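Given next are the chains, with one letter for each unit.
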Amino acid sequence: MALRPVQVNIKALDPARVGRFWAEALGWSMSTAGAATYIASAGGPLGPDPAAPAVSAISVVPSPEGKTATKNRTHLDLATTSLAHQTELVARLRDLGATPVDLGQGDDVPWVILADPEGNELCVLEPREIYRDTGPIAAVVVDCADPRTMARFWGGALDWTVRRATDDIAVLSAADGTGTFLELFRVPGPKTVPDRVHLDLMPYPGEDMTAEVTRLRDLGATVLDLGQGDVPWTCLEDPEGHEFRVLALP
């Protein structure tokens with residue numbers, strides 16, 4: 001039994017504007033469903049390969065409030081294939097409305113930190129061999145207090161390999177090293193506001209959503225009642241309070 005990360009959910013004051021940015025950034029298609037904007041690679045979450053462990057969609061949903069935290073506790077790292085590609089991607093993202101962000105990283109780091117039009121941080125990475133088979137989203141990066149404990153939870157939730165675990169960072173990926181990585185970084189200070197960016201998970205074909213939610217609770221997740229009513233997903237928190245959802249198979 002296991003789950004896979006299929007999409008990233010972003011809250012936005014203007015979902016259409018943020019959606020257009022991410023569609024252009026990733027080269028994915030965009031559609032709307034009510035007030036939400038949906039960006040997906042070919043085939044979306046189920047993709048051409050329903051068992052693929054890559055994040056293949058972003059759902060941008062309306063929120064009445066803008067970003068209040070100085071820094072989101074979850075952000076995306078974007079992959080590049082060469083230094084020229086990195087330079088081109090940074091320039092293109094800035095033309096689309098991204099702005100540089102100074103988080104004290106200095107001038108010597110090989111990656112570039114930007115923010116989307118509503119301030120959600122992202123990193124454009126220099127080319128790295130480890131991300132060769134991830135697709136455009138190299139990693140979903142989560143700030144946390146205890147990377148080792150979080151790695152145990154998420155490794156169990158996704159049945160992924162913990163490739164590195166220290167007091168400061170944990171790195172997880174599918175066993176074969178393909179698809180999007182999950183990276184957990186230790187930061188000072190607790191989570192204080194709801195996440196504006198979170199993961200949506202889905203069972204693999206043939207698995208049961210209810211059984212998966214039960215398994216997550218046994219691993220340390222908490223089910224959230226946000227007044228969502230009768231919807232085809234379940235809202236949960238991981239052991240450090242980061243929200244995520246388990247979606248039903250279509």
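Nothing here was measured: the structure is a model prediction, and the numbers come from that model.

This next bit is on the pattern of salt bridges. In the structure shown here, the tally under the stated rule is 11 salt bridges. Notably, a salt bridge pairs Glu-121 with Lys-67, separated by 2.5 Å at the nearest N-O pair. With Glu-121 in strand β8 (residues 121–124) and Lys-67 in the loop between β4 (57–62) and β5 (74–78), the pair connects residues that are 54 residues apart, well separated along the chain. We classify Glu-121 as buried; its relative accessible area is 6%. Judged by relative accessible area, Lys-67 falls into the partly exposed class, the value being 23%. Three or more residues are tied together by salt bridges with common partners; here these are Glu-129, Arg-132 and Asp-133.

Read from one edge of the open sheet, eight strands run β2-β3-β4-β1-β13-β16-β15-β14, paired in mixed fashion. If you trace the sheet from one side to the other, it starts and ends with β2 (29–33) and β14 (222–223), each paired once. In terms of strand pairing, β2 meets strand β3 (residues 36–40) through five bridges, oriented antiparallel. Across the sheet, residue Ser-31 finds its bridge partner in β3, namely Tyr-38.

Let's shift gears to helix α2 (residues 83–95). Quick reminder: α-helices carry 3.6 residues per turn. Residues three or four places apart thus point the same way. If you check α2, its first and last C-alpha atoms are 19 Å apart, about what 13 residues at 1.5 Å a residue would give, namely 18 Å. Turning to α2, its buried residues number three or more, namely Gln-86, Leu-89, Val-90 and Leu-93. The buried residues of α2 occupy an angular sector of 100° when the element is viewed end-on, so they sit on one face. Projecting away from the buried face of α2 at angles above 90 degrees are the exposed residues Ala-84, Thr-87 and Asp-95. The inward-facing, buried residues of α2 abut α1 (15–26), β5, β7 (112–115) and β8.

Both trends apply: most residues other than glycine have a negative phi, and most peptide bonds are in trans. Even without being glycine, Asp-159 reaches a positive phi, approximately 55°. On the basis of relative accessible area, Asp-159 is assigned to the exposed category, the value being 55%.

Right, let's talk about the sheet that holds β5 for a bit. One open sheet holds the eight strands; their spatial order is β6-β7-β8-β5-β9-β12-β11-β10, and the pairing between them is mixed. A strand with exactly one partner marks an edge of an open sheet, and here the two such strands are β6 (99–100) and β10 (161–165). For strand β11 (residues 169–173) and strand β12 (residues 181–186), the ladder comprises four bridges, and the chain directions are antiparallel. The residue of β12 that forms the bridge with Ala-170 is Leu-184. Each of β9 (137–144), β10, β11 and β12 touches helix α3 (residues 147–158); the most contacted strand, β12, lies at about 160° to it.

With their axes 10 Å apart at the nearest point, α3 and helix α4 (residues 209–219) run at an angle of 160° to one another. With respect to each other, α3 and α4 are oriented roughly antiparallel. For the pair α3 and α4, the crossing hand works out as right-handed. Mapping the contact onto sequence places Phe-153, Gly-156 and Ala-157 in α3 and Arg-215, Leu-216 and Leu-219 in α4.

About the criteria used
Residues numbered from 1 in each chain as written. Predicted model: local features only at pLDDT ≥ 70, side-chain atom pairs only at ≥ 80, totals over all residues. Heavy atoms only, no water. Salt bridge = Lys/Arg side-chain N within 4 Å of Asp/Glu carboxyl O. Helix = DSSP H or I, 4+ residues; strand = E, 2+ residues; numbered from the N terminus. Buried < 20%, exposed > 50% of the residue type's maximum accessible area, 1.4 Å probe, protein only. Pairing = 2+ DSSP bridges. Expected span 1.5 Å × (residues − 1). Arc of directions from axis to C-beta. Contact = heavy atoms within 4.5 Å. Axes fitted to C-alpha atoms, helices over the stretch in contact; angles between N-to-C directions. Parallel < 35°, antiparallel > 145°, perpendicular 65-115°, else oblique. Left-handed = near helix turned anticlockwise from the far one by under 90°.

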